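If you want the building blocks of each chain, they are given just below.
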Amino acid sequence: MAIASLHDLSGALDIYGVPSNLCMKVVAVEEINAAGGLLGKKVELKVYDGQSDINKYPQYAQKAALNDKVVMVQGALSGAAREATRPVLRKYKIPFIYGSFYEGGLCEKNTFCVNTGGNQQVVPLLEWSFKNLGKKLYYIASDYNAPRNFGIWNHVMAKREGGQVLADDYYPLDVTDFTAAIAKIQAAKPDIAIPVSLAALPWRSTGSGQRPEC
């Protein structure tokens, strides 16, 4: 019985993909097989490297479904990767487990989103942050659907809690040099800085008197 791990094992997003794949290998497959397998069968893990490239996801999803005959796929970090993968697995009726936090609202019988949606994360985070850290928020994020949705919630919460969103600063997923971005944050002097899905961003003090909470 084969299942697939479709994560970014190389490229800008491998910081997330490598441990996710390791969890599938050690925590899922090895423990399940040590306990006798699934429905009496040993589980075989097929591993695919999305390479932090959205175009690789539908290719590997199709390979998993047609060549390796997997019964389930887990992976895809970003919402963009998920949406590139989902139509392929829907076509071949392969269950798809999506474990990242996401923008919410997805409803499809063969796709299972098992993490929190945007409001479930942003609301409690900013309720606490605006009360305890200050009222000025700087938002920097990768430019795809989930971070854009979280950005909308930032404005909802800022209005509700009397806060201020200083910037909505979005970058393509393949950007790795954030020198200018960090300078912009330092100049803005926020009380809170929230990064979303920026794997290569080296966080440091903004010079505002305290380190922003990320």
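Since the structure is predicted, the reported quantities are computational estimates derived from the model, not experimental observations.

Caption draft 1: Here's a closer look at the overall build of the chain. Helix and strand counts for the chain come out as six helices and eight strands. With the principal axes as the frame, the chain shows a C-alpha extent of 60 × 30 × 30 Å. Expressed as a percentage of the 214 residues in the chain, the buried residues total 42%. Considering only intrachain contacts with a sequence separation of at least 6, the fraction spanning at least 24 residues in the chain is 60%.

Caption draft 2: Fine view of the pattern of salt bridges. Across all of its chains, the model carries 11 salt bridges by this definition. The shortest N-O distance in the salt bridge between Lys-25 and Glu-30 comes to 2.8 Å. By relative accessible area, which is 40% here, Lys-25 ends up partly exposed. Judged by its relative accessible area of 38%, Glu-30 is partly exposed. Arg-82 serves as the salt-bridge partner of Glu-103, at 2.5 Å between the closest nitrogen and oxygen. On the criterion of sequence distance, the pair formed by Glu-103 in the loop between β4 (96–98) and β5 (111–113) and Arg-82 in helix α3 (residues 79–91) is long-range, its members being 21 residues apart.

Scoring rules and cut-offs
Residues numbered from 1 in each chain as written. Predicted model: local features only at pLDDT ≥ 70, side-chain atom pairs only at ≥ 80, totals over all residues. Heavy atoms only, no water. Helix = DSSP H or I, 4+ residues; strand = E, 2+ residues; numbered from the N terminus. Buried < 20%, exposed > 50% of the residue type's maximum accessible area, 1.4 Å probe, protein only. Contact = heavy atoms within 4.5 Å. Salt bridge = Lys/Arg side-chain N within 4 Å of Asp/Glu carboxyl O.

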